[in-house]
Amino acid sequence: MQPEQAEFLLRDVLIPSLQNEHGITKRIMAAVPDDRGDYKPDPTSMTAFELARHIATAEMTFMQAVIKGEFPSSGGPRLDDMKNVSDVVRWYEQSFQQRLEEVSKLPGEQLAKIIDFRGVFQLPAVMYLNFLLNHSIHHRGQMTVYLRPMGAKVPNIYGESYDGKQARQAAPQTA
């Protein structure tokens, strides 16, 4: 990948996608009631809280790797002091905006640099942002499946959800 290709990919494809998907991910995480963060559909599943924390920390780890040009040897942030999903959502919002700003300023040479991901992948740095998107969308889908059984509503995602439609229909009509 050439530096100018990496810059185009970042600027014209990935930043708009990251911004869009971030908003959706934040809405889905915020739909988890703080008193239901311990919900999991199966004993082998992550809890809703663990899943939210995993999504948020993985995104920041991938973005930081693109910024630094390497993945941390010790993994990403742990967020051990977080008590509920609302705490994760606040951290996620702040961290995302800060890292996205840093990523958006990277030169093409750094974006095109090959980065090793634990011996599994060797990709141009910018491609890990696409990996981040796929990873988050995957886990976000898991989280949406948790919402109704835990008593929460599924927010609008790529269009109106059933719960979004119900809320719209129940809202007072203004003329």
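Residues numbered from 1 in each chain as written. Predicted model: local features only at pLDDT ≥ 70, side-chain atom pairs only at ≥ 80, totals over all residues. Heavy atoms only, no water.

K.L.:
How would you sum up unusual backbone geometry? Please name residues and give values.
P.N.:
The residue Arg118 is not glycine, and still its phi comes out positive at about 55°. When you line up the elements, Arg118 lands in the loop between strand 1 (114-117) and strand 2 (121-124). (Helix = DSSP H or I, 4+ residues; strand = E, 2+ residues; numbered from the N terminus.)

K.L.:
Would you mind going over the pattern of salt bridges in detail, with residue names and values included?
P.N.:
Enumeration over the complete set of coordinates arrives at seven salt bridges. Between Asp163 and Arg148 there is a salt bridge, and its shortest N-O distance comes to 3.2 Å. Taken together, the residues Asp163 in helix 6 (residues 162-170) and Arg148 in the loop between helix 5 (127-147) and helix 6 connect sequence positions 15 residues apart. Residue classification places Asp163 among the buried residues on the basis of a relative accessible area of 12%. According to the relative accessible area criterion, Arg148 is partly exposed, its value standing at 45%. (Salt bridge = Lys/Arg side-chain N within 4 Å of Asp/Glu carboxyl O. Buried < 20%, exposed > 50% of the residue type's maximum accessible area, 1.4 Å probe, protein only.)

K.L.:
So what's going on with the pairing of strand 2? Residues and values would help.
P.N.:
As judged from the four bridges shared by strand 1 and strand 2, these two strands associate in the antiparallel manner. Note that in strand 2 the partner of Phe117 across the bridge is Phe121. Linkage of strand 1 to strand 2, two consecutive antiparallel strands, is achieved through a turn of three residues, within which Arg118 is found at a positive phi near 55°. (Pairing = 2+ DSSP bridges.)

K.L.:
Explain the nonpolar core to me, and be specific about the residues and the numbers.
P.N.:
Grouped burial of nonpolar side chains is what soluble globular proteins tend to show. In terms of nonpolar packing, the biggest core is built from 52 residues, with Met29, Met63, Val126, Leu129, Met143, Leu147 and Met150 touching the most fellow members. Of all elements in the fold, only helix 1 (3-30), helix 2 (48-68), helix 3 (85-104), helix 4 (108-112), strand 1 and helix 5 reach the threshold of two or more residues within this core. Counting residues per element, this core draws most heavily on helix 2, which supplies 12 residues. Leaving out residues up to four positions away in the same chain, Met143 has contacts with Ile28, Met29, Val32, Ala48, Leu51, Ala52 and Ile55. (Core = buried A, V, L, I, M, F, W, Y, C linked by side-chain atoms within 4.5 Å. Contact = heavy atoms within 4.5 Å.)

K.L.:
Explain the confidence of the model for the protein residue by residue, including any values.
P.N.:
On average, residues of the protein score 94 in pLDDT, and 98% of them reach the 70 mark or higher. Within the protein, helix 6 has the poorest average pLDDT of any element, 92, and helix 4 the best, 97. (pLDDT = per-residue confidence, 0-100.)

K.L.:
Could you give an account of the environment of Glu70, with specific residues and numbers?
P.N.:
Along the chain, Glu70 turns up in the loop between helix 2 and helix 3. Distance from Glu70 to Val145, taken between C-alpha atoms, is 33 Å for residues 75 residues apart in sequence. If we skip the residues at most four places from it in the chain, Glu70 touches Ala65 and Ile115.

K.L.:
Any details on the packing of aromatic side chains? Residues and values, ideally.
P.N.:
Scanning the entire structure with this criterion turns up 12 aromatic pairs. Look at Tyr39 and Tyr146: their rings are 5.7 Å apart centre to centre, the planes differ by 75°, and that puts the pair in the edge-to-face class. With Tyr39 in the loop between helix 1 and helix 2 and Tyr146 in helix 5, the pair connects residues that are 107 residues apart, well separated along the chain. Tyr146 matches Tyr39 in its accessibility class, with the two residues each being buried. Ring centres of Tyr92 and Phe96 lie 6.3 Å apart, and the angle between their planes is 50°; on these two criteria the pair is classed as tilted. (Phe/Tyr/Trp six-rings, centres within 6.5 Å; stacked < 30°, edge-to-face > 60°.)

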